[in-house]
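Coordinate analysis (summary)
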Amino acid sequence: MEHLRTPKVENVRLLDRSSGQRKASIGTLYLSATHTIFVENNPESRKETWVLHSMVSSVERPPTIPAGSQLILRCKDFRVFQILIPQERDCLDVHTSLVRLSRPEKYSELYCLSFNPNVNKMEREESWNFIDLMADYKRMGVPNNLWVATAANSEYRVCDTYPSELFVPKMATPAIIVGSSRFRSRGRFPALSYFHQDTLAAVCRCSQPLSGFSGRCQEDEMMLQMLMKANPGSDYIYVVDTRPKLNAMANRAAGKGYENEDHYTNIKLQFIGIENIHVMRSSQQKIIDSEMRSPSMTDFLYGLENSGWLKHIKAILDAGLFIARAVADEGVSVLVHCSDGWDRTAQACSVASILLDPYYRTIKGLMVLIERDWVCFGHKFSHRYAHLDGDPKEVSPVIDQFLECVWQLSEQFPCAFEFNERFIISIHTHVYSSQYGTFLGNCQKERRDMRLRERSHSVWPQLWKDRAEYTNPLYQAELSQSQGVLRPNTTPYCFKMWKGLYNHTEKSTPPRQSPANFLSAVREESQQLEEELTNHQERIAALTGKPIMWEKIEVPRRRTSHLRQTHRGPDPPTTYTDTITSPAQDNGHTLSSEPANRKTPTQDPDLTLPLGPHTQLKSPIPDDLSTRSDLESGVADLSSCSSSRGDDGKDPDLGEAVFITA
Amino acid sequence: MEFAELIKTPRVDGVVLHRPFMPTVEGTLCLTGHHLILSSRQDNTEELWLLHSNIDSIEKRFVGSLGSIIVKCKDLRVIQLDIPGMEECLNIASSIEALSTLDSLSLMYPFFYRPMFEVIEDGWNSFLPEDAFKDLESMTDEWRLSEVNKDFSVCPSYPPLVAVPKYVDDDTLRKAATFRHGGRFPVLSYYHKKNGMVMMRAGQPLTGTNGRRCKEDEKLINATLRPGKRGYIIDTRTINVAQQAKARGGGFESEANYPQWRRIHKAIERANILQESLIKLVEACNDQSHSMDRWLSKLEASNWQTHVKEILTTACLAAQCIDREGASVLVHGTEGTDSTLQVTSLAQIILDPACRTIRGFQGLVEREWLQAGHPFQQRCAQSAYSNSKPRQEAPSFLLFLDCVWQILRQFPCSFEFSEGFLVLVFEHAYASQFGTFLGNSTAERAKLSLPEKTVSLWSWVNRPQELERLTNPLYEANSLVIWPSVAPQSLLLWEGVFLRWNRSSKCLDEAYEEMVHIIAYNKELQNKVNSLRRQLAQLETEDPLLQTP
């Protein structure tokens, strides 16, 4: 590779700052065409750290110190590596190489086009069909006598950033579509995002109208009229402009703007006030900065407030909630737009879908949703997530915010989501890493022109394969909180800082105890026990010659609040006693009562006799649980109370120990 | 009966009760000597029983002839009672006011409460100092139990029995006590079995401006050091505050007189500042109209999280000195009854797995708070809604519980108890039918004959059905030291207390239930599989022929 100046440097010190590592490890640094690889010298661990070049967002070179020259690698997944290289010359070479490698200029330099997972051509082609959007439209009941597919945008003739397959009101003729698209920024005419079968109301999306101060367009007005008519239950629609009203007004001076309620009959205009991508970019930068400083509580809370990040998250969630309420409670269709209709619009529509439809709260459902509202509807992934070296003003954490909204919701509704935090973070990583072709490019047409389906792989089947790792053990589709429309509380105090994304401390060794991991392990063990139970029952039946007694294991559910209200009456009041509801029949935990169609166990040669110590056979609980035996080493996490006095790896950038200040 | 004079209107019909996130209830309001009761007199609907002592303050509002009383409770709940009739409303309000501010301890509900449950073990006798000392004796013979304070004359806030170094006699203790604030001479708080290091606590030394010294005090604390070893003195105040204390007769240990000790100053705030902080925090949590900016800025301005961080950091430091540096520690602030106890008790949570069990935690609260003379009566007289000027009130104990919750949240599998237990202890510290948290010291409790006349909270807790409810389903005994992270982003607002009444808990309750169920089902399966295994083994030995295929 021509950009590799030096492939290998020895005696390098590496410090993974974001994971709270306090002592640098010494090892060898390798640069490959795709990765920076660090291998520890320590013969016992030989720990390897791999950083994909495309995940590097910046490479800084702080002033040289006596021990050598430093590099600071900041990654798009918020990891920060500090590297100390003995020779300045080597450091310069690594720096130059990394700067170049982390900023590919052409798509062809990207990892996804050289990444070759172990699958054949057929499997690769299959992988692209894993998510079938038409099947999802069908699931929501589209097409029907209100909404139909239109061929207007085939070959991307009308709008080059839209998908070729779109749904519009039945009455919308190609002429109306084309007319409307001429009156909308970048031709992004109103099209269906989500159809709500229960109320027949729909969520539609588009870009801002090119109205200026007085412009109007008959076809566009007709188009909105048809959106309204496509919902027999209502005589108006909401037009949700997700921008602050001031921004929308300012756009009028540039010949753009928002719908004039005098020209469009039967619309109700609603401004939400989500800020633009530039505000969001600097907001996230502020929150990362305040994280890295590891400041006092006051500084931290001030930094959090000052960044405005949670305020923005709340605005997006409020937008989604407004749309969901309109559709589900009022039965009114909503047309959503911002300026170009590919950032804030994507956020608001997809949050609304998550709130409206439990399907999108499943692992597969979230993939479908991202594929529809983000990938297909032309969210500019390559620009926003800097896949190529380009205009830094185009970069903005738009999908980060959507994913964070999903996380905030999962905190309020712990049983409503099939996936866990790890899944959301994995998607985040893949959006930035361009390891797979799924998120490459800025719209469907670009992806088609790049022939990505032939040259790269889709990420979704990979994530699906690992779904066991991404499953939320508390997910219960039957619970009322999981069904129907989610109604989150958006009072400010319900929002939390998403530590899992920005702070890698908890993911590093030693892992903190995680209830989710614990419960996943318990559930896994239960599954094995269920199998074992079946085996034993069959074997006992065979030995005794009696028919199998299929016993159900039932555990009554305790209806109890985890924070009970204590009663202070003089008598033992009735509320002291637990109301034990009848054993849940429908919780999916009960053993299958179907007779197993297995061969008679007496013929099973593998069956061993479990005796003695086996009776306490504790099944495999993942490693990270057993590491509880080494929690003590977590002392390093005591960031403001360090015991690093004895450590030899003195690092100037680390917080000093309290002892010294005493 | 004196109560009758205070109750101007004992009963009003047609009263409507409003509670956030719960259906309104219409019914009859009754006032008794200790309770405010609202009953709809229908089956299935919940009755409200509110202890007058749980009421922090009330507000009256009138719209026409309909009066409303807004009742703000010490457990931070706010409820509204709509009372038809101006006169009734005024009568009820003034009765509540009078009944909730009774001064005399002997009129408190615990003296009238008769338990209807079977007391299996009398909580008043469960955690006696002599029993705790027996545990200590099994580990070391370097300490003795002194009776020097048996009539509470040496230190009124200490229990009659305290553990002190074996070779320090009672005369030395008496003299050392005159040199310490409130007579609180250094006593043993914790013995670290792993390396024999100890944590002691005391009041500040009374050096004054002219640098008084006390040979007995020096002898006493030096007696706890191994030969050639140095110890750490953790002063919970900043050096400036400690300097200023000299002018009022207090002070700190000088290097010259305590050469074997290294002094570290931390910055845990004083009682009145903590109380202000609590009031601000709760006010911020209760205002739903905030924008995000305003909420975060009020949260920050309350400084509550800063206090949590500071206390936890200091406790970690003490634990670190003992476990990592292998040094003994003496902790004190000014009086030695607030910040000192926060630090010594939290350090034990970190160091000693026994304190993370339900019973061990009760013992910790008994030893390090109740017997150690934390003035609960004064500190918990009012909570966050108090209108009156704070006198001695302070949420020292609530902050301790908050810190425990932070550690529990970071190590959710290492505690035998669940969050509910901490909330329960918080509630009972402020208002209770049990006598446990009445009075300011062991001496006061003895004078009131609390152990004879009231029921202990622990008697109620330590019954199988309660224990089961308070048990953390995720618990797996962890015998190690647990080091919590004290980075600001690792410390969260304790929602279980501060947002408890401000949002619906339904979804979180369901999640908790689900968690309990997953684990209970697993246990049941294990039992079943084990019994089948045994059955199988038996069958197969009975009939060896069957083993050959």
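Computed from a predicted model, the values in this text were never measured in an experiment.

All right, on to the overall build of chain A then. Check the secondary structure of chain A and you find 21 helices and 14 strands. Across the 662 residues of chain A, 57% fall into the buried class. Split by element, the accessible area of chain A, about 28000 Å² in all, is 50% carbon and sulfur.

A few words on the overall build of chain B. Broken down by element type, chain B carries 20 helices and 14 strands. Taken over the C-alpha trace, chain B has a radius of gyration of 26 Å; the compact-globule value for 549 residues is 24 Å, and the two agree within 12%. The C-alpha extent of chain B, read off along each of the three principal axes, is 90 × 75 × 50 Å. Within chain B, the proportion of its 549 residues that are buried is 63%. Taking all contacts inside chain B whose residues are at least 6 apart in sequence as the whole, residues at least 24 apart take part in 70%. When the accessible surface of chain B is totalled, it reaches about 20600 Å², and 51% of it is carbon and sulfur. Between the averaged position of the 59 positive side-chain charges in chain B and that of its 68 negative side-chain charges there is a distance of 7 Å.

Counting across every chain of the model gives 58 salt bridges over all chains. The salt bridge partner of Arg-100 of chain A is Glu-105 of chain A, with a shortest N-O separation of 3.4 Å. Notably, a salt bridge pairs Glu-495 of chain B with Arg-503 of chain B, separated by 3.1 Å at the nearest N-O pair. Among the residues examined, Glu-495 of chain B registers a relative accessible area of 16% and is labelled buried. According to the relative accessible area criterion, Arg-503 of chain B is buried, its value standing at 18%. Put simply, Asp-136, Arg-139, Arg-205, Asp-357, Arg-372 and Asp-373 of chain A are held in one network by salt bridges that share partners.

Throughout the structure, instances matching the rule amount to zero disulfides over all chains. Free of any disulfide, Cys-30 of chain B has its nearest cysteine sulfur in Cys-89 of chain B, 16 Å distant.

Turning our attention to the domain arrangement of chain B. Residues and elements named next belong to chain B. The domains assigned to chain B are domain 1 (3-102), domain 2 (129-503) and domain 3 (508-536). The interface of domain 2 with domain 3 comprises five residues on the first partner and five residues on the second. Regarding the contact of domain 2 and domain 3, the summed buried area is about 380 Å², with carbon and sulfur atoms giving 71% of it. Ranking the residues of domain 2 by area buried against domain 3 places Pro-473, Leu-474 and Arg-503 at the top, with a combined share of 85%. Taken together, domain 2 and domain 3 are joined by zero residue pairs in polar contact (both at pLDDT 80 or more). Tallied by class, the residues present in the side of domain 2 that touches domain 3 amount to two nonpolar, two polar and one charged.

All right, on to the environment of Glu-105 of chain A then. Residues and elements named next belong to chain A. By the element assignment, Glu-105 lies in the loop between α1 (88-101) and α2 (121-128). Take Glu-105: its relative accessible area is 49%, and that puts it in the partly exposed class. Residues Glu-105 and Arg-17 lie 88 residues apart in sequence; the distance between their C-alpha atoms is 29 Å. With residues up to four places along the chain from it excluded, the contact list for Glu-105 reads Arg-100, Leu-388 and Asp-389. In this structure the side chain of Glu-105 is engaged in a polar contact, spanning 3.4 Å, whose partner is the side chain of Arg-100.

All names here are of chain B. Reading across the sheet, the five strands line up as β10-β11-β14-β12-β13 and stay open at both edges, with mixed pairing between neighbours. Of all strands in the sheet, those bounded by a partner on one side alone are β10 (187-192) and β13 (261-265). Put simply, the sheet's adjacent strands are angled 20° from each other on average, direction ignored. Relative to β13, strand β12 (residues 231-235) is paired through five bridges, and the arrangement is parallel. Bridging from a neighbouring strand, Tyr-232 pairs with Arg-262 of β13.

Once that is clear, we can look at the nonpolar core. Among the nonpolar cores identified, the biggest contains 227 residues, and Ile-370 and Phe-402 of chain A together with Phe-361 and Phe-498 of chain B are the most heavily contacted of them. Residue contributions to this core peak at 13 residues, all from helix α9 (residues 309-330) of chain A. In contact with Phe-361 of chain B, not counting residues within four places along its chain, are Ile-349, Ala-354, Cys-355, Phe-400, Leu-401, Val-404, Phe-417, Phe-421 and Leu-422 of chain B. In this structure, Val-25, Leu-29, Leu-31 and Val-71 of chain B belong to the second largest nonpolar core, which totals 26 residues.

With that settled, consider the sheet that holds strand β10 (residues 191-196) of chain A. Residue and element names in this part refer to chain A. Pairing in this open sheet of five strands is mixed, and the strands run β10-β11-β14-β12-β13 from one edge to the other. Looking at which strands have only one partner, the edges of the open sheet turn out to be β10 and β13 (267-271). Averaged over all adjacent pairs, the angle separating strand axes in this sheet is 20°, with direction ignored. Where β10 and strand β11 (residues 201-205) come together, five bridges link them in antiparallel fashion. Paired with His-196 across the strands is Ala-201, a residue of β11.

Below, the discussion takes up the confidence of the model for chain B. On average, residues of chain B score 93 in pLDDT, and 98% of them reach the 70 mark or higher. What the predictor reports for the complex is a pTM of 0.89 with an ipTM of 0.93.

On the UniProt side, "domain: Myotubularin phosphatase" (unreviewed entry) is annotated at positions that read residues 123-498 of chain B here. Strand forms 9% of residues 123-498 of chain B and helix 44%; the C-alpha atoms that close the span are 29 Å apart.

Leaving glycine aside, a negative phi is the common case for residues, and trans is the common case for peptide bonds. Along the chain, Val-142 of chain A connects to Pro-143 of chain A via a cis peptide bond; the corresponding omega equals 0°. Looking at the secondary structure, you find Pro-143 of chain A in the loop between α3 (133-139) and β8 (147-150). In this model, Arg-46 of chain A sits at a positive phi of 45°, which is unusual for a non-glycine residue. The topology assignment puts Arg-46 of chain A in the loop between β3 (35-40) and β4 (48-52). Although it is not a glycine, Ser-449 of chain B adopts a positive phi angle of roughly 50°. The residue Ser-449 of chain B is located in the loop between α15 (442-447) and α16 (450-453) in this model.

Turning next to the pairing of β13 of chain B. In terms of burial, β13 of chain B is a largely internal element, four of the five residues being buried. You can see the chain leave β12 of chain B, run along helix α6 (residues 239-247) of chain B and come back into β13 of chain B, and the turn it takes is right-handed.

Our next topic: the packing of aromatic side chains. Enumeration according to the criterion identifies 43 aromatic pairs over all chains in this entry. Relative to Trp-460 of chain A, the ring of Phe-439 of chain A lies with its centre 5.6 Å away and its plane at 85°, an arrangement referred to as edge-to-face. One end of the pair, Phe-439 of chain A, is in the loop between α14 (421-433) and α15 (444-449); the other, Trp-460 of chain A, is in helix α17 (residues 460-465), and 21 residues separate them in sequence. Take Phe-439 of chain A: its relative accessible area is 2%, and that puts it in the buried class. Consider the rings of Phe-361 of chain B and Phe-400 of chain B, whose centres lie 5.9 Å apart with planes at 5°: the pair is stacked. In this pair, Phe-361 of chain B sits in helix α11 (residues 358-370) while Phe-400 of chain B sits in helix α13 (residues 396-410), placing the two residues 39 residues apart along the sequence. Members of the aromatic cluster, connected to one another through ring pairs, are Phe-127, Phe-361, Trp-369, Phe-376, Phe-397, Phe-400, Phe-415, Phe-417, Phe-421, Phe-437 and Trp-458 of chain B. When the ring centre of Trp-501 of chain B is taken as origin, the NZ or CZ atom of Arg-77 of chain B, which lies over that ring, is 4.9 Å away.

It is worth spelling out the side chain of Arg-124 of chain A at this point. Residue and element names in this part refer to chain A. Counting through the fold element by element, Arg-124 comes out in helix α2. No salt bridge is formed by the buried Arg-124; its nearest oppositely charged neighbour, Glu-125, is found at 4.1 Å. Discounting chain neighbours no more than four positions away, the residues touching Arg-124 are Arg-453, Glu-454, Ser-456 and His-457.

Side chains of Phe-62, Met-86 and Leu-90 of chain B sit close together on the surface and give an oily, nonpolar patch of about 240 Å² of accessible area. On the basis of relative accessible area, Met-86 of chain B is assigned to the partly exposed category, the value being 39%.

On to helix α9 (residues 304-323) of chain B, then. With 20 residues, α9 of chain B extends 28 Å between its outermost C-alpha atoms, agreeing within 8% with the 28 Å of an ideal straight helix rising 1.5 Å per residue. The element α9 of chain B is largely enclosed, with a buried count of 18 among its 20 residues.

Okay, the confidence of the model for chain A next. When pLDDT is averaged along chain A, the result is 83; 81% of the residues meet or exceed 70. Taken together, the stretch residues 571-662 of chain A has pLDDT below 50 and engages in 168 contacts with residues farther than four places along the chain or on a different chain.

Parameters at a glance
Residues numbered from 1 in each chain as written. Chains lettered and ligands numbered in written order. Predicted model: local features only at pLDDT ≥ 70, side-chain atom pairs only at ≥ 80, totals over all residues. Heavy atoms only, no water. Helix = DSSP H or I, 4+ residues; strand = E, 2+ residues; numbered from the N terminus. Buried < 20%, exposed > 50% of the residue type's maximum accessible area, 1.4 Å probe, protein only. Areas by Shrake-Rupley, 256 points an atom, 1.4 Å probe, with all protein chains shown as cover. Rg over C-alpha atoms; globule rule 2.2 N^0.38 Å. Contact = heavy atoms within 4.5 Å. Lys, Arg positive; Asp, Glu negative; His and termini not counted. Charge placed at Lys NZ, Arg CZ, Asp CG, Glu CD. Salt bridge = Lys/Arg side-chain N within 4 Å of Asp/Glu carboxyl O. Disulfide = S-S within 2.5 Å. Domains from an automatic or database assignment. Buried area = accessible area lost by both parts, 1.4 Å probe. Polar contact = N/O pair within 3.5 Å; in protein donor to acceptor, adjacent residues only side chain to side chain. Nonpolar A, V, L, I, M, F, W, Y, C, P; charged D, E, K, R; others polar. Pairing = 2+ DSSP bridges. Axes fitted to C-alpha atoms, helices over the stretch in contact; angles between N-to-C directions. Core = buried A, V, L, I, M, F, W, Y, C linked by side-chain atoms within 4.5 Å. pLDDT = per-residue confidence, 0-100. UniProt positions renumbered as here; feature names shortened; annotations may be inferred. Right-handed = clockwise from strand over helix to strand, strands pointing away. Phe/Tyr/Trp six-rings, centres within 6.5 Å; stacked < 30°, edge-to-face > 60°. Lys NZ or Arg CZ within 6 Å of the ring centre and 35° of its normal. Patch = residues over 30% accessible without salt bridge, like charges linked within 9 Å, V, L, I, M, F, W, Y side chains within 5 Å. Expected span 1.5 Å × (residues − 1).

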